[in-house]
Amino acid sequence: MNSELEKIDLIRSRLGVGYKEAKEALDAAGGDVVQALIRLEEERKNITEKLQDRGQEFLEHLKDFFHRSQETKIKIKQGERTVMELPASLGALGLVGTLASSQLAVLGALGAVTAMAKNYTLEIERPGRGDQQNEGQGEQYVEPAGPT
């Protein structure tokens, strides 16, 4: 029993794993310490590769999101006159800011009330998505800020 405990301690000290993980690897390797070490290293390598792949995939999705949000425009209009135009990503940051800060939320509410009083509209413009009906045209959604 003492030699098995020494093997487990050796595995633990070399790879920094717990007793359970070291014991399972040692049992799976038939008591061979070197094979147990190789097995644990391979498992860690596979996990690391999977994490890197998922991280890369997440980064690609994030880049695509920011690219699309830069193309999407938010326009604040009063009649036909455009008062302000900004990328949707900046609008999303403003929304996150209002959720994070009560002072910004109050400021946003006051701005919305003022916009309703002055009959402003909010227009969201997205570039065309390449389908045949809308090719070269953008989508537009207009939300009146005031009473109709």
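Residues numbered from 1 in each chain as written. Predicted model: local features only at pLDDT ≥ 70, side-chain atom pairs only at ≥ 80, totals over all residues. Heavy atoms only, no water.

- For the protein chain, an unreviewed UniProt entry supplies the name DUF4342 domain-containing protein and the organism Desulfofundulus kuznetsovii.

Remarks on the pattern of salt bridges
Argument step 1. Summed over the entire model, instances satisfying the criterion amount to four salt bridges.
Argument step 2. Between K23 and E4 there is a salt bridge, with the nearest N and O atoms lying 2.8 Å from each other. Note that K23 is positioned in helix α2 (residues 19–28) and E4 in helix α1 (residues 2–15), a separation of 19 residues in sequence.
Argument step 3. On the basis of relative accessibility, which here comes to 31%, the residue K23 falls in the partly exposed class. (Salt bridge = Lys/Arg side-chain N within 4 Å of Asp/Glu carboxyl O. Helix = DSSP H or I, 4+ residues; strand = E, 2+ residues; numbered from the N terminus. Buried < 20%, exposed > 50% of the residue type's maximum accessible area, 1.4 Å probe, protein only.)

A short note on helix α3 (residues 33–71)
Argument step 1. Taking 1.5 Å as the rise per residue, α3 with 39 residues should run 57 Å; its terminal C-alpha atoms sit 57 Å apart, in good agreement.
Argument step 2. Inspection of α3 places V33, A36, L37, L40 and S69 among the buried residues, and these make up the whole buried set.
Argument step 3. Where α3 begins, the capping side chain belongs to D32, and its oxygen is found 3.1 Å from the backbone nitrogen of V34. (Expected span 1.5 Å × (residues − 1). Polar contact = N/O pair within 3.5 Å; in protein donor to acceptor, adjacent residues only side chain to side chain.)

A few points about the pairing of strand β2 (residues 81–87)
A regular strand places its side chains on the two faces of the sheet in alternate fashion.
Argument step 1. Two strands pair when backbone bridges link them, and strand β1 (residues 73–78) and β2 are joined in this way by six bridges, in the antiparallel orientation. From the neighbouring strand, K75 faces β2, where its bridge partner is E85.
Argument step 2. Here β1 folds back onto β2 in antiparallel fashion, the turn holding two residues, of which G79 has a positive phi close to 70 degrees. (Pairing = 2+ DSSP bridges.)

Considerations on the nonpolar core
Argument step 1. In terms of nonpolar packing, the biggest core is built from twelve residues, these being I8, I11, L15, V17, A22, A25, L26, A29, V33, A36, L37 and L40.
Argument step 2. Considering each element in turn, this core owes the most residues, four residues, to α3.
Argument step 3. Not counting residues within four places of it along the chain, the set of residues in contact with V33 comprises K7, L10, I11 and L26. (Core = buried A, V, L, I, M, F, W, Y, C linked by side-chain atoms within 4.5 Å. Contact = heavy atoms within 4.5 Å.)

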